[in-house]
Amino acid sequence: MSDFQPKIVAFVCTWCTYAGADLAGTSRIKYEPNVKIIRFPCTGRIDYMFLIKAFANGADGVIVSGCHPNDCHYVSGNFHARRRWIVFRELVDFLGMDVNRLCFSWVSAAEGAQWAKIVNSFTEEIRQLGPYKAYMELVKKDKNESVF
Amino acid sequence: MDSIRKRARELLEKNTVKVVIGYGVGSDNTVRAIFVRRPEGVEELIFDETCVQNLAVYLLKNEIKQIGKLCIIANISALRTILQLASEHQIHEEELLCLSVTPNGELLEFTGFKDIENYISSCNRDLPDKESEMIKKLEKMSVDERWQFWMNHLSRCIKCYACRSACPMCYCTRCQVEYNQPQWITVEATLMGNFEWQITRTMHLAGRCVNCGECARACPEDIPINLLNYKTVLTVKEKYNISAGTNANIDSVMSSFESDDKENFIR
Ligand code: SF4
Ligand code: SF4
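Here the structure is a predicted model, which means the values were calculated and not measured.

A. Representation of the site of ligand 1. Residue and element names in this part refer to chain B. Around ligand 1 sit 13 residues in total, of which Cys167, Cys209, Cys212, Gly213 and Cys215 are the nearest. Among the secondary structure elements, those contributing two or more residues to the shell around ligand 1 are α8 (191-205), α9 (214-218) and α10 (226-240). Residues that form the shell around ligand 1 fall into these classes: 8 nonpolar, 3 polar and 2 charged.

What follows is the structure in structure tokens.
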């Protein structure tokens, strides 16, 4: 298990977290390379289906991150996103998905170090949890069942 | 029953309404929806505790709307649906008239949404006991046990979409499950597709489900999918203190927000 490298997908908003991750880079802060960042205009645009599809395509963990409350570039996108995450997280937990594999955070454009910290700690958590076997089985079954 | 028939007859004779949507006896003595358009047809109307179907599902169907002003024999679920549909600007007061009967047999006639709101506020709006207990039981299970529970159930889903057709709040003319550019959810009934379909259905009904239970009753595979919706009913009530179908002017839960919505998981 020690050589397991988790695959982590991060859905981030372009104005805050993406810029924060950029800052981490330009400040030469080293952090875990396991995360693949996907840039969105706003957290409000991050549909819950993206998270599910990330797992379906082999992610072991998913990060969703954007501007702090009251700092949304579009004023209220992150407030809408927060409502959706609250309901979504409870629902998938009820369905038996492992919510420890979902990480939600607020990281501003000035918080390069904070971004590195979140990625590092979440990567470590996922490393401890191991590959997301339950979902992989579901994906495998899907491939076998599908006639297309 | 007689009072309903009498009033329905009057309404049809005076041409106040063009059609009465109510319950009648179907094959094998089952209860089914009937659409009465002539006064003499009212004799077929029944109303008792077996009349559980949420008839409000017909309100937005084009075939029904075309007929003209309608009267619906509404149980509590249907009344709540009407309020929620009004909140979503799908129906207007002048388009319909509702008849109902209280548990002690008194005929009720609602002409406006305010009347319905008042009546609903005095009715029990809680989830049914059986389902609440099942939710509690599931919540006590481990994550893996819950996963197994749902996998076992969802593996039977045949993607017939009866749950969607029976749900009065699933009225989109084009459902996300039918989009194929991109294809979000597979057409075939694979386990993963079934899982994604139910997540989608539940998320789209979050804050809108009036816990009528029609989805699970319609499911030919007896999958307790209403539990998923009921879970979100509880979440929305607990976190945002909103219950769908209690008021004709509720802001859409998932497209509104409070700047201090509480959570404990965002880092
Ligand atoms: S989701 Fe099920 S319980 Fe909720 S309104 Fe639709 S049919 Fe009724
Ligand atoms: S009614 Fe049941 S079998 Fe049909 S699509 Fe819904 S969950 Fe699947």
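B. Region of the structure containing the interface of chain A and chain B. Taken together, the contact between chain A and chain B spans 44 residues of the former and 47 residues of the latter. Around 4,400 Å² of area is buried between chain A and chain B when both sides are counted, 68% of it from carbon and sulfur atoms. For the chain A face of the interface with chain B, the top three residues by lost area are Arg83, Phe94 and Leu95 of chain A, together amounting to 21%. Across the contact surface, chain A and chain B share 6 salt bridges. Of the charged contacts, one joins Asp261 of chain B and Arg83 of chain A as a salt bridge, the two residues approaching to 2.9 Å between their closest N and O atoms. Across the contact surface, chain A and chain B share 15 residue pairs in polar contact (both at pLDDT 80 or more).

C. Spotlight on the domain arrangement of chain B. Residue and element names in this part refer to chain B. For chain B, the domain assignment lists domain 1 (2-121) and domain 2 (129-242). Domain 1 puts 14 residues into the contact, and the matching count from domain 2 is 13 residues. A combined buried area of about 1,000 Å² lies between domain 1 and domain 2, and 56% of that area is made up of carbon and sulfur atoms. Considering only the side of domain 1, the residues that lose the most area to domain 2 are Val57, Arg80 and Glu88, jointly responsible for 36% of the buried surface there. A salt bridge links Arg208 to Glu88, with the shortest nitrogen-to-oxygen separation between them at 2.9 Å.

D. Representation of the sheet that holds strand β4 (residues 102-106) of chain A. Residue and element names in this part refer to chain A. In space, the 4 strands of this open sheet follow the order β2-β1-β3-β4, with parallel pairing throughout. Edge strands, defined here as strands with exactly one partner in the open sheet, are β2 (35-40) and β4. Neighbour-to-neighbour, the strand axes of the sheet open up by a mean angle of 20 degrees, direction not taken into account. Pairing geometry for strand β3 (residues 61-66) and β4, over 5 bridges, is parallel.

E. Examining the site of ligand 2 more closely. Residues and elements named next belong to chain B. Looking at ligand 2, there are 13 residues lining it, with Cys157, Cys160, Tyr161, Cys163 and Cys219 nearest. Mapped onto the shell around ligand 2, the elements with two or more residues apiece are α7 (162-166) and α8. Per-class residue counts for the shell around ligand 2 are 10 nonpolar, 1 polar and 2 charged.

F. View of the sheet that holds strand β3 (residues 70-73) of chain B. Residue and element names in this part refer to chain B. Pairing is mixed in the open sheet, where 5 strands are placed in the order β2-β1-β3-β4-β5. Looking at which strands have only one partner, the edges of the open sheet turn out to be β2 (31-36) and β5 (107-110). Taking the axes of each pair of neighbouring strands and ignoring which way they run, one obtains an average angle of 25 degrees across the sheet. Relative to β2, strand β1 (residues 19-25) is paired through 6 bridges, and the arrangement is antiparallel. Within β2, the residue paired with Val25 across the bridge is Val31. On the sheet, helix α3 (residues 76-87) packs against β3, β4 (96-101) and β5 and is oriented at approximately 150 degrees with respect to β4. This element, helix α4 (residues 113-121), spans β4 and β5 of the sheet and lies at about 135 degrees to β5.

Calculation criteria
- Residues numbered from 1 in each chain as written.
- Chains lettered and ligands numbered in written order.
- Predicted model: local features only at pLDDT ≥ 70, side-chain atom pairs only at ≥ 80, totals over all residues.
- Heavy atoms only, no water.
- Near = heavy atom within 4 Å.
- Helix = DSSP H or I, 4+ residues; strand = E, 2+ residues; numbered from the N terminus.
- Nonpolar A, V, L, I, M, F, W, Y, C, P; charged D, E, K, R; others polar.
- Contact = heavy atoms within 4.5 Å.
- Buried area = accessible area lost by both parts, 1.4 Å probe.
- Salt bridge = Lys/Arg side-chain N within 4 Å of Asp/Glu carboxyl O.
- Polar contact = N/O pair within 3.5 Å; in protein donor to acceptor, adjacent residues only side chain to side chain.
- Domains from an automatic or database assignment.
- Pairing = 2+ DSSP bridges.
- Axes fitted to C-alpha atoms, helices over the stretch in contact; angles between N-to-C directions.

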